[in-house]
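Survey of secondary and tertiary structure
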Amino acid sequence: MQRIMLRGKIHRATVTQCDLAYEGSCAIDEDLIEAAGMTVFERIELYNVNNGERFATYIIPGKRGSGEISLNGAAARRAHLGDLLIICTYGLMDDEEIKTFKPKVVLVDANNKITGLK
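The shown structure was predicted, so the numbers you read here are calculated from the model rather than taken from an experiment. (Residues numbered from 1 in each chain as written. Predicted model: local features only at pLDDT ≥ 70, side-chain atom pairs only at ≥ 80, totals over all residues. Heavy atoms only, no water.)

1. A word on the overall build of the protein
Stated precisely, the cut-off is as follows: Numbering of helices and strands runs from the N terminus, with a helix taken as a DSSP run of H or I at least four residues long and a strand as a DSSP run of E at least two residues long. The quantity called the radius of gyration is restricted to C-alpha atoms. Its globule counterpart is 2.2 Å times the number of residues to the power 0.38. Relative accessibility under 20% of the residue-type maximum defines a buried residue, over 50% an exposed one, and the middle range a partly exposed one, all with a 1.4 Å probe and only protein chains included. What makes two residues a contact is simply this: any of their non-hydrogen atoms within 4.5 Å. Residue exposure ignores everything except the shown protein chains as possible cover, and the areas themselves are Shrake-Rupley values with a 1.4 Å probe. A residue counts as positive if it is Lys or Arg and as negative if it is Asp or Glu; His and the chain ends are not included. Working definition for charges: the position is that of NZ of Lys, CZ of Arg, CG of Asp or CD of Glu.
Helix and strand counts for the protein come out as two helices and nine strands. For a compact globule of 118 residues, the expected C-alpha radius of gyration is about 13 Å, and the protein comes in at 14 Å, within 12% of that figure. Counting only C-alpha atoms and orienting by the principal axes, one finds that the protein spans roughly 45 × 25 × 25 Å. Here the protein, with 118 residues, has 43% of them falling under the buried criterion. Put simply, of all contacts in the protein between residues at least 6 apart along the chain, 78% involve residues at least 24 apart. Accessible area of the protein: about 6600 Å², with a carbon and sulfur share of 52%. Each charge sign in the protein was given a centre, from 15 positive and 16 negative side chains, and these centres are 5 Å apart.

In C-alpha cells, the structure reads:
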C-alpha cells in the first residue's frame, strides 16, 4: 500500500509579494527550496495561517538569499503581503519507506531567514 506523506515544509513563511499579472506559481527563495528538499516546478500545497485559505500551485525559483515568497497569478488572490504561509510538499511512500523517512521541516523568521531545521 502507498500512503501520501509529508516530504517537506516551510513553516510560517511571510508573503513578500503578490503579482496578479504573472501567469501563475509561487516564487520561493532558492535557499528555502533546497533546505526543504523541494524542487522547482514541483506542486506545493499552501496554507494561509491568517485567513485559513488552502490552495495549490507550483514552485519557481526566487532569488537566493532574498527571503522571497511571491504569490503569482490566481494564487495572489489567496493571501496579502505579510500573511504567514505553511508551504508543503507530499509524496507517495510504502510502509517500508515510512519507517525511516523524516520530512524536512524548515523554520523561518519574519524575514524568511532559516532559524532551524527539523
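2. Overview of unusual backbone geometry
Unusually for a residue other than glycine, Arg12 sits at a positive phi of about 60°. Tracing the chain through its elements places Arg12 in strand S1 (residues 2–14). Of note in the backbone geometry, Phe41 takes a positive phi value of approximately 75° without being a glycine. Mapped onto the elements, Phe41 comes out in the loop between helix H1 (30–35) and strand S4 (43–48). On the accessibility criterion, Phe41 (62% relative accessible area) is exposed.

3. Let's talk about the nonpolar core
As a reminder, the rule being used: Note on terminology: a nonpolar core comprises buried Ala, Val, Leu, Ile, Met, Phe, Trp, Tyr and Cys residues joined through side-chain atoms within 4.5 Å.
Among the nonpolar cores identified, the biggest contains 21 residues, and Ile10, Ile28, Leu71 and Ile87 are the most heavily contacted of them. Counting residues per element, the ones that place at least two in this core are S1, strand S3 (25–29), H1, S4, strand S5 (54–62), strand S6 (69–72), strand S7 (84–94) and strand S8 (104–108). Filtering out sequence-adjacent residues up to four positions away, Ile87 remains in contact with Gly8, Lys9, Ile10, Ala13, Ile28, Met38, Ile44, Glu45, Leu46 and Ile69.

4. Here we look at a nonpolar patch on the surface
Applicable threshold: Only residues whose relative accessible area exceeds 30% and that form no salt bridge enter a patch; like-charged residues are grouped when within 9 Å of one another, and nonpolar side chains (Val, Leu, Ile, Met, Phe, Trp, Tyr) when within 5 Å. A carboxyl oxygen of Asp or Glu within 4 Å of a side-chain nitrogen of Lys or Arg is what we treat as a salt bridge.
Among the surface-exposed residues, Ile4, Tyr90 and Leu92 lie close enough to one another that they form a single nonpolar patch of about 330 Å² accessible area. Assignment of secondary structure puts Tyr90 in strand S7. Overall, the relative accessible area of 34% leaves Tyr90 in the partly exposed class.

5. What about the pattern of salt bridges?
Within this structure, the stated rule accounts for seven salt bridges. The salt bridge partner of Asp95 is Arg3, with a shortest N-O separation of 2.9 Å. Here Asp95 is found in helix H2 (residues 95–100), whereas its partner Arg3 is found in strand S1, with 92 residues between them in sequence. For Asp95, a relative accessible area of 34% corresponds to the partly exposed category. Since its relative accessible area comes to 37%, Arg3 is described here as partly exposed.

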